[in-house]
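# Tertiary structure, described
Now for the letters of each chain:
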Amino acid sequence: MEMHVTLNGRGDLGGQIYRQVKAAILSGRLMPGQPLPPSRELASRLSVSRNTVTAAYDRLIDERLAQSRAGAGVFVRQAAGPSKRPHEQPPPGAVSPSPIWDRIAAPPPEFFADAPRYDLRPGIPDPRLFPYETWRRLTSQALRMSSMGTGWPIDPAGLPELRAAIARHIGVSRAVQVEPENIIVTQGTQQAMDLIGRTLLRPGDCVAIEDPGYTLVRNLFRSQGAEVRGVPLDSEGIRVSLLPDHTRIVYVTPSHHYPLGSVMSDARRHELLEWARERDAVVIEDDYDTEFRYDGRPLEPLHNHDDAGRVIYVGTFSKVMLHTLRIGFVAVPASLTAAMRTAKFLTDWHTPQPTQVAMLGFIEEGLLAKHIRRMRHEYRKRHDRIVDVLNTRFSDMLTVIPSNVGLHLAALTQPGVRDQAVAADARSRGVGILPISRFREGDSPDGLVLGYGAIAVADIDDALAALHSALRTFQNDP
Ligand SMILES: Cc1ncc(COP(=O)(O)O)c(C=O)c1O
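Below you will find a few notes about this structure. From a predicted model like this one, the values you see are computed outputs, not experimental measurements. Residue indices follow the written sequence of each chain, beginning from 1 at its first position. Restriction of local features to residues with pLDDT of at least 70 applies here, the model being predicted, together with a cutoff of 80 or more for giving and counting side-chain atom pairs; totals for whole chains, interfaces and linings are based on all residues. Side-chain descriptors were evaluated using all non-hydrogen atoms of the structure, hydrogens and water having been removed beforehand.

### Quick look at helix α11 (residues 353–364)
Selection rule: The way it works is that DSSP assigns letters per residue, a run of H or I at least four long becomes a helix, a run of E at least two long becomes a strand, and they are numbered from the N terminus. In a helix, the anticipated span is given by 1.5 Å times the number of residues less one. Relative accessible area decides the class of each residue, using a 1.4 Å probe on protein chains only: under 20% of the type maximum gives buried, over 50% gives exposed, and in between gives partly exposed. Whether two residues are in contact is decided by their heavy atoms: any pair within 4.5 Å suffices.
Taking 1.5 Å per residue, 12 residues should reach 16 Å; α11 reaches 16 Å between its end C-alpha atoms and fits that length. Of all the 12 residues making up α11, 11 are buried; the element is thus mostly covered by neighbouring parts of the structure. Of the positions making up α11, those classed as buried are Q353, P354, T355, Q356, V357, A358, M359, L360, G361, F362 and I363. Where α11 is buried, its residues meet α4 (132–144), α5 (160–173), β4 (183–186) and α12 (367–393). Looking one or two places after α11, you find G366, whose phi comes out positive at around 75°.

### Notes on the site of the ligand
Basically, it comes down to this: Whether a residue is near a molecule or strand depends on its heavy atoms: if one lies within 4 Å, it is near. In the analysis that follows, any N or O atom pair within 3.5 Å is treated as a polar contact, provided that within protein one partner can donate a hydrogen and the other can accept it, and provided that, for residues neighboring in sequence, both atoms belong to side chains. Where accessible areas are quoted, they stem from the Shrake-Rupley method and a 1.4 Å probe; at the residue level, only the protein chains shown are allowed to cover. Three classes are used, and their members are as follows: Ala, Val, Leu, Ile, Met, Phe, Trp, Tyr, Cys and Pro are nonpolar, Asp, Glu, Lys and Arg are charged, and the others, Gly among them, are polar.
Around the ligand, the neighbouring residues are G188, T189, Q190, Y214, Y251, Y258, D286, Y288, T316, S318, K319 and R326. Contact distances for the ligand include 3.0 Å between an oxygen atom and a backbone N or O atom of Q190. Between the ligand and D286 there is a distance of 2.6 Å, counted from a nitrogen atom to a side-chain nitrogen or oxygen. For the ligand, whose free accessible area comes to 400 Å², the fraction covered by protein is 91%. If you tally residues by element for the shell around the ligand, the top one is helix α6 (residues 188–200), at three residues. Classifying every residue of the shell around the ligand gives four nonpolar, five polar and three charged.

### Comments concerning the sheet that holds strand β15 (residues 434–435)
Strands belonging to one sheet form pairs held by backbone hydrogen bonds; the direction of such a pair is parallel or antiparallel. The criterion, for reference: We treat two strands as partners when DSSP finds at least two bridges between them. Note on method: axes are straight lines fitted to C-alpha atoms, helices fitted across the in-contact stretch only, with angles between N-to-C directions ranging 0 to 180 degrees.
Taking strand neighbours across the sheet as the criterion, the four strands line up as β12-β13-β16-β15 in an open arrangement whose pairing is antiparallel. Where the open sheet ends on each side, the last strands, each with one partner, are β12 (398–401) and β15. Two strands pair when backbone bridges link them, and strand β13 (residues 408–413) and strand β16 (residues 447–451) are joined in this way by five bridges, in the antiparallel orientation. Across the sheet, the residue bridging to L412 is G447, located in β16. Along the sheet, α12 makes contact with β12, β13 and β16, crossing β13 at roughly 15°.

### Topic: the environment of D155
Assignment of secondary structure puts D155 in the loop between α4 and α5. Judged by its relative accessible area of 23%, D155 is partly exposed. The spacing of D155 and I184 is 29 residues in sequence and 9.6 Å in space, taken between C-alpha atoms. Apart from the residues lying within four places of it in its own chain, the contact partners of D155 are R163, R341 and H350. A distance of 2.8 Å separates the side chain of D155 from the backbone nitrogen of A157, its partner in a polar contact. A distance of 2.8 Å separates a polar atom in the side chain of D155 from a polar atom in the side chain of R341.

Keep in mind these numbers describe shape, not what the thing actually does.
This is the structure:
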């Protein structure tokens, strides 16, 4: 069916075409995979130059709504999809969100779906092994405290005792030296990033993020109006030489790359810090799951090498405990503490008091350390079993990226084997697994991210057997 485009007047013809095609994609009138009208044909139909149409299409391609296939034309991207189903379209004249939200993907639906039969999705700690009874006791104690509900009470940066306990905890577990007054308790990493953006970014500032990298952080900074640039990695970590000169913030996961699982080398850490010092840039170190280490000596956090006050260290209890608790923290250079504390206050006053008090008890009674020890023991078994099976049964299909830490590892597929197709096939066999391509914006090899936080050891062999069958399909018929 011919797509309808009308032009009014002579102004901004390319912009008019771009907006109408975009609206057709976002409303679902043009479906993923459908071709856009050939540029030559549309140009002649509208009596505009062909360049006007190609410029409009280029904008759609830049926004990842369309993609060009050599020799075949321009198509609606598979992931573009309608932002709303037709019957949910707002009535004409309804208030619209600011245009930035057209460029930011909604949370993927599978975030809210039931867990798959075999859950190899990364980053999910095992909910079955959490000490709910203990947490219930600590939370109800907190709710009985007389200070609960007596007016204004809580420092937006968090309970002083909890900040001190967190400083001690990361001092022991990660050798991070930080004064309690420079810690701000947050609702997880995600809020820490939001506060960092609010505190540091001016509109249009550049944030550099590892590519592949953590999509939620990328989208968060983009939603704050930053120019977010993906920077590729090599075997040592983010390629510092490719960081844009005008970068204000660099976000990295040096101790366990997300999603590749690799570790940033010592040399690259120093190069990054030196680069940040020279450019007056800030480095965010997201240290989200390195309490779980199975082998080898940890490299020191970047934070420990920072003598110029340029590193912001972000930690979370989402991985060592449960991500539904929504509690984490950020350790900031002293020069940023006051502004970030105010940003936290303006955002949500403070992290819920019962959670903070319960968390304090959990740390002070030695329960956090005990839980981490228990989970490390459990996750090590899963990690080792997965690595064993991958190395023995998958050696002709996957190249494992070595990783001895955290809750996931990654493996590259053979050239020509598309990770999204493998993940979709695996899903049809009951295996939830994410393709590396899900995390990238530029070019990087395809592969699979295998999380072992949520899968019991006893299920690993069956899960990997199903994954093997999925991969085999593509090996035989690439
Ligand atoms: C790279 C990375 N950092 C941090 C987190 C934790 O986020 P939060 O603390 O907001 O739950 C995750 C969770 O998936 C993650 O993948």
